[in-house]
Amino acid sequence: MTDLLHIDDLEVAFQERGMLTNRPVRGITLSVAPGEVVGIVGETGCGKSLTALAVLGLLPKGAVPSGRILLDGVVQPLDGSGSARGDVISIVFQNPGTAFNPVFTLGRQMRDVVARHRRMGRAAATAHILHYFEQVGLPEPERIFRSYPHELSGGMLQRAMIAMALLCEPRLLILDEPTTALDVTIAKQILELILSLRDRFGFGVLLITHNLGVVREVCDRIAVLYAGRVVETGPADAVLKAPAHPYTRGLLGALPARHVPGQPLDAIRGAVPGNLLGLTGCSFRERCPLAIDRCGEIDPGLAPVAPLHEAACIRAGAR
Amino acid sequence: MLRFLASRLGTAVLVLFVLTLVVFVMSRVIPGDPAVVYAGPKAPPEELARIREKLGFDQPLIVQYVNYLGGLFTGDWGNSLATKRPVLDELAIRLPATLELLFAAMLLAVVFGVVLGVVAAKRPGRAIDGVIRFLAIGGVSMPAFWLGLLLQVLFVGRLGWLPATGQFSTEVEYVSPVAHVTGFPLLDSLLTGNWIAYSDGLAHLVLPAVTLAAYPLGLIARMTRASMLEVLGQDYVFTASAFGLRDGLIRWKLALKNALPPTMTIVGLAAAYTLTGTFFVEVVFNWPGIGQFAVGAMLAVDYPAIMAITLLGAAGYLIANLVVDLIQARLDPRVRLS
Ligand SMILES: Nc1ncnc2c1ncn2[C@@H]1O[C@H](COP(=O)(O)OP(=O)(O)OP(=O)(O)O)[C@@H](O)[C@H]1O
Ligand code: SF4
Ligand SMILES: [Mg+2]
């Protein structure tokens, strides 16, 4: 079976006047199958958003990507010149309050998206949009269609954003911290909505989050990122129950109560290395309670620790 | 929207009222004796006293002010001391020419200013941005009469492409006179299909309109660039490109609508400045408008004319800002709420 999305050894470096300044993504390999929800977790700055943007071909100026991104087995241009964006793949951002243009109605903004990707008359496009407002559980779709963003609450806007992301029946939905800006009960509803839509439409989901509670609730598989690399990946249950990498263990152990959502992942002592250019050895060495001399010499790659469960640590599973 | 309009109108009327008072007080402290202006410097004292009485200068100030206000409402704005004809008539015959010039200049300024601003914001710091910056700063800092003379030297003197002065060539009056429809000469020539007069009028309009447009155009271009750059950094623009919308649509249709309200504020201010700019430009191009008349009135201490022109200018300024407010409210739903 070919994966829906396959990210193969993705690197993202930054260049200024021909000089490499940083390399925040250092070889990420990751895949998402149709209907699967894959979580990407990790501290701030570990490269989560850059990975998502690379998939969309939306990297900021100065970014130099390498590696391969395949959709249904087809290699995508890394500069975003393909037309998958907004069509086969769509994205929902963190802050629904600023993600919509304040001077256009939601209906107008969504019509632009439909017009870009589908041949559809005005009336058909409107009906199409209203249909998706209903799908995401927005009451009074006609009113929402005519509303400006400031007239709706954050939760409603995020539902509308999800509706917009569904307009072109995407095969892959990327969610970059979709609930971080919302309060807890609304966040829970949005996550439930995403799962039920996934069941209905069968798209794959790449869910980026800080929040292990969110991962526990919705993800089938997770990839734990540290300093621009996947340091542990596997079925969500397995990784959460038996974390193998000291970083993942730290994240989980640092959670005050295992089921409290909304906790940031910043409770591990120390900080992420600022610049990843000249790094040798294991990138987690400085903060690792299990570090030994050899950790400074070799850069561990992902290795199986259990079926489907991999970790990048020479002492994976050690006490 | 109606309430919004009503509140803005109310403010405008109040400002105008206060202005009548200011204008009135100022007219009484202008140096120079209006009676002398009226009767000529060699008039005997009894003649001057008679004229003062006729003009109402012998009455208490408050009575004079009330009379003045009453006159404003009944259409009696006083007689020009210089021409002895009603000021309102003098203005009425000149206003259309000035408004046509002003409109043409603002149209040029807004269209080209906005376009240049958007283009400059496309590649900030690159060559095209630099060229536009140079043009904009040039337009803002070049005095209007100087630019007008330069353009005349180049396009009239050297190249001979365009007429130097006036609103129409004198022959037009004989060959194909403009019929009166709205009173706006160029517009009337268009409405009556008088192509000879229309093309002649357009050719006459180009240089003064460009001269007058330079300043507001520069301001508008700079402001559009700045607000476009700000808007292009916003999340919703990123959303639009994440959904695959084309760059041209994002810039020219979406982001521009966000960038226009702040630009419109500048347009209002620039329009006011341009209003005073017409004074110089009309003199340089011998344009038969209010500006020329105003300069004459100031030199002659023709105070009823000066008062009327001041009020008219203020009204023009208030109207321009009202229009700006309305456009802003139309563009941005959040303005309508405040
Ligand atoms: N435009 C840029 N220029 C230079 N470096 C950048 C740029 N964007 C991101 N980076 C670098 O890439 C790193 C990873 O950024 P990214 O946005 O992927 O982090 P993230 O994991 O999404 O963090 P967060 O949880 O805060 O969203 C950042 O720490 C920063 O150093
Ligand atoms: S390789 Fe060494 S330093 Fe890196 S996580 Fe494992 S034990 Fe820690
Ligand atoms: Mg991020």
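Thresholds, definitions, all that
- Residues numbered from 1 in each chain as written.
- Chains lettered and ligands numbered in written order.
- Predicted model: local features only at pLDDT ≥ 70, side-chain atom pairs only at ≥ 80, totals over all residues.
- Heavy atoms only, no water.
- Helix = DSSP H or I, 4+ residues; strand = E, 2+ residues; numbered from the N terminus.
- Rg over C-alpha atoms; globule rule 2.2 N^0.38 Å.
- Buried < 20%, exposed > 50% of the residue type's maximum accessible area, 1.4 Å probe, protein only.
- Contact = heavy atoms within 4.5 Å.
- Lys, Arg positive; Asp, Glu negative; His and termini not counted.
- Charge placed at Lys NZ, Arg CZ, Asp CG, Glu CD.
- Phe/Tyr/Trp six-rings, centres within 6.5 Å; stacked < 30°, edge-to-face > 60°.
- Salt bridge = Lys/Arg side-chain N within 4 Å of Asp/Glu carboxyl O.
- Patch = residues over 30% accessible without salt bridge, like charges linked within 9 Å, V, L, I, M, F, W, Y side chains within 5 Å.
- Areas by Shrake-Rupley, 256 points an atom, 1.4 Å probe, with all protein chains shown as cover.
- Near = heavy atom within 4 Å.
- Polar contact = N/O pair within 3.5 Å; in protein donor to acceptor, adjacent residues only side chain to side chain.
- Nonpolar A, V, L, I, M, F, W, Y, C, P; charged D, E, K, R; others polar.
- Buried area = accessible area lost by both parts, 1.4 Å probe.
- Pairing = 2+ DSSP bridges.
- Axes fitted to C-alpha atoms, helices over the stretch in contact; angles between N-to-C directions.
- Domains from an automatic or database assignment.

> Help me understand the overall build of chain A in this model?
Per the secondary structure count, chain A includes 10 helices and 12 strands. Scaling as 2.2 N^0.38, a compact globule of 319 residues should have a C-alpha radius of gyration of about 20 Å, and chain A matches this with 20 Å. Referenced to the eigenvectors of the C-alpha coordinate spread, the extents of chain A come out at roughly 65 × 45 × 40 Å. Counting over 319 residues, chain A shows a buried share of 54%. Considering only intrachain contacts with a sequence separation of at least 6, the fraction spanning at least 24 residues in chain A is 67%. Computing the positive centroid from 32 side-chain charges and the negative centroid from 31, chain A places the two 1 Å apart.

> Please clarify how the packing of aromatic side chains should be interpreted in this entry.
Residue and element names in this part refer to chain B. As enumerated under the stated definition, the model contains 12 aromatic pairs over all chains in all. Ring geometry for Tyr 65 against Tyr 68: centres 6.4 Å apart, planes inclined by 40°, an arrangement best described as tilted. On the criterion of helical spacing, the pair formed by Tyr 65 and Tyr 68 is a turn pair, its members being 3 residues apart in helix α4 (residues 61-74).

> What am I meant to see in unusual backbone geometry here?
Backbone phi values are negative for most residues with the exception of glycine, while trans is the configuration of most peptide bonds. Residue and element names in this part refer to chain A. At Arg 17, a residue that is not glycine, the phi angle is positive and equals roughly 45°. As for its placement among the helices and strands, Arg 17 is situated in the loop between β1 (5-16) and β2 (19-32). Within the chain, Glu 177 stands out as a residue other than glycine whose phi angle is a positive 50°. By secondary structure assignment, the location of Glu 177 is in the loop between β7 (172-176) and α7 (184-201).

> I tried to follow the pattern of salt bridges on my own but got confused; where do I start?
For side chains of opposite charge, pairing can occur when their charged atoms come near one another. Going through the model one piece at a time under the given rule, you end up with 23 salt bridges over all chains. For the salt bridge of Arg23(A) with Glu11(A), the shortest nitrogen-to-oxygen distance reads 3.3 Å. Residue Arg23(A) is located in strand β2, and its partner Glu11(A) is located in strand β1; the two are separated by 12 residues in the primary sequence. Residue classification places Arg23(A) among the partly exposed residues on the basis of a relative accessible area of 22%. Put simply, Arg85(B) and Glu90(B) hold a salt bridge, and the shortest N to O gap is 3.3 Å. Residues joined in a network through salt bridges with shared partners are Asp87(A), Arg118(A) and Glu169(A).

> Please explain the environment of Arg330(B) as it appears in this structure.
All names here are of chain B. Tracing the backbone shows Arg 330 in helix α14 (residues 303-331). Residue classification places Arg 330 among the exposed residues on the basis of a relative accessible area of 59%. Setting aside anything within four residues of it in sequence, one finds Arg 330 in contact with Met 1 and Arg 336.

> Is there a simple way to explain a nonpolar patch on the surface in this structure?
Residues and elements named next belong to chain B. On the surface, Leu 14, Phe 17, Val 18, Leu 21, Val 22, Val 25, Met 26 and Val 29 cluster together to form a nonpolar patch covering roughly 750 Å² of accessible area. Mapped onto the secondary structure, Leu 21 falls in helix α1 (residues 2-29). On the accessibility criterion, Leu 21 (42% relative accessible area) is partly exposed.

> Can you help me understand the site of ligand 1 in this one?
All names here are of chain A. As a matter of local geometry, ligand 1 sits amid 14 residues, with Thr 44, Gly 45, Lys 48, Ser 49 and Leu 50 nearest to it. Thr 44 is positioned such that a nitrogen or oxygen atom in its side chain is 2.3 Å from an oxygen atom of ligand 1. Between ligand 1 and the protein, one listed contact pairs an oxygen atom with a side-chain N or O atom of His 210 at 3.0 Å. In isolation ligand 1 exposes 630 Å². Once the protein is present, 63% of that is buried. Taken together, the elements giving at least two residues each to the shell around ligand 1 come down to β2 and α1 (48-56). The biggest single contributor to the shell around ligand 1 is α1, with 3 residues.

> What is the right way to read the site of ligand 2 from this model?
By nearness alone, every residue bordering ligand 2 is listed as His245(A), Pro246(A), Cys282(A), Phe284(A), Arg285(A), Cys288(A), Leu290(A), Ala291(A), Cys295(A), Pro300(A), Cys313(A) and Ile314(A). The class makeup of the residues in the shell around ligand 2 is 10 nonpolar, 1 polar and 1 charged.

> How should the interface of chain A and chain B be read in this particular structure?
Many structure descriptions define interface size as the accessible area lost when the parts assemble. Chain A puts 25 residues into the contact, and the matching count from chain B is 21 residues. Interface area for chain A against chain B, summed over the two sides, is near 2000 Å², with a carbon-plus-sulfur share of 66%. There are 0 salt bridges connecting chain A and chain B. Put simply, chain A and chain B have 7 residue pairs in polar contact (both at pLDDT 80 or more) between them. Those elements giving two or more residues to the side of chain A that touches chain B turn out to be α1, β6 (89-92), α2 (96-99), α3 (106-117) and α6 (154-166) of chain A. When residues of the side of chain A that touches chain B are assigned to their parent elements, the largest contribution, 5 residues, is made by α3(A). Within the side of chain A that touches chain B, the residues separate by chemical class into 15 nonpolar, 6 polar and 4 charged.

> Would you mind going over the sheet that holds strand β5 (residues 74-75) of chain A with me for this structure?
Pairing between sheet strands relies on hydrogen bonds along the backbone, with the strands arranged either parallel or antiparallel. Residue and element names in this part refer to chain A. One open sheet holds the 4 strands; their spatial order is β2-β1-β4-β5, and the pairing between them is antiparallel. On the outer flanks of this sheet lie β2 and β5, each paired with one strand and no other. Taken strand by strand, α1 contacts β1, β2 and β4 (63-71), and its axis lies near 105° from that of β1.

> Can you help me understand the domain arrangement of chain B in this one?
Residues and elements named next belong to chain B. Split by domain assignment, chain B resolves into domain 1 (2-74) and domain 2 (93-331). Just the C-alpha atoms count here: the centres of domain 1 and domain 2 sit 32 Å apart. Facing 20 residues of domain 1, the contacting portion of domain 2 comprises 13 residues. Between domain 1 and domain 2, the buried area comes to about 1500 Å², and carbon and sulfur atoms account for 86% of it. Viewed at the interface, domain 2 and domain 1 are joined by 1 residue pair in polar contact (both at pLDDT 80 or more). Of all the elements in the fold, those that place two or more residues in the side of domain 1 that touches domain 2 are α1, α2 (34-39) and α4. Top contributing element to the side of domain 1 that touches domain 2 by residue count: α1, with 13 residues. Taken together, the residues of the side of domain 1 that touches domain 2 sort by class into 16 nonpolar, 2 polar and 2 charged.

> Just to check I follow, could you spell out the domain arrangement of chain A for this structure?
All names here are of chain A. Per the domain assignment, the segments of chain A are domain 1 (5-88 + 168-311) and domain 2 (103-167). Put simply, the middle of domain 1 and the middle of domain 2, counted by C-alpha atoms, are 29 Å apart. If you look at the interface, domain 1 gives 19 residues, while domain 2 gives 15 residues. Carbon and sulfur atoms make up 61% of the surface buried where domain 1 meets domain 2, a total of about 1500 Å² over both sides. Viewed at the interface, domain 2 and domain 1 are joined by 2 salt bridges. Here Arg 118 makes a salt bridge to Asp 87, at a shortest N to O gap of 3.3 Å.

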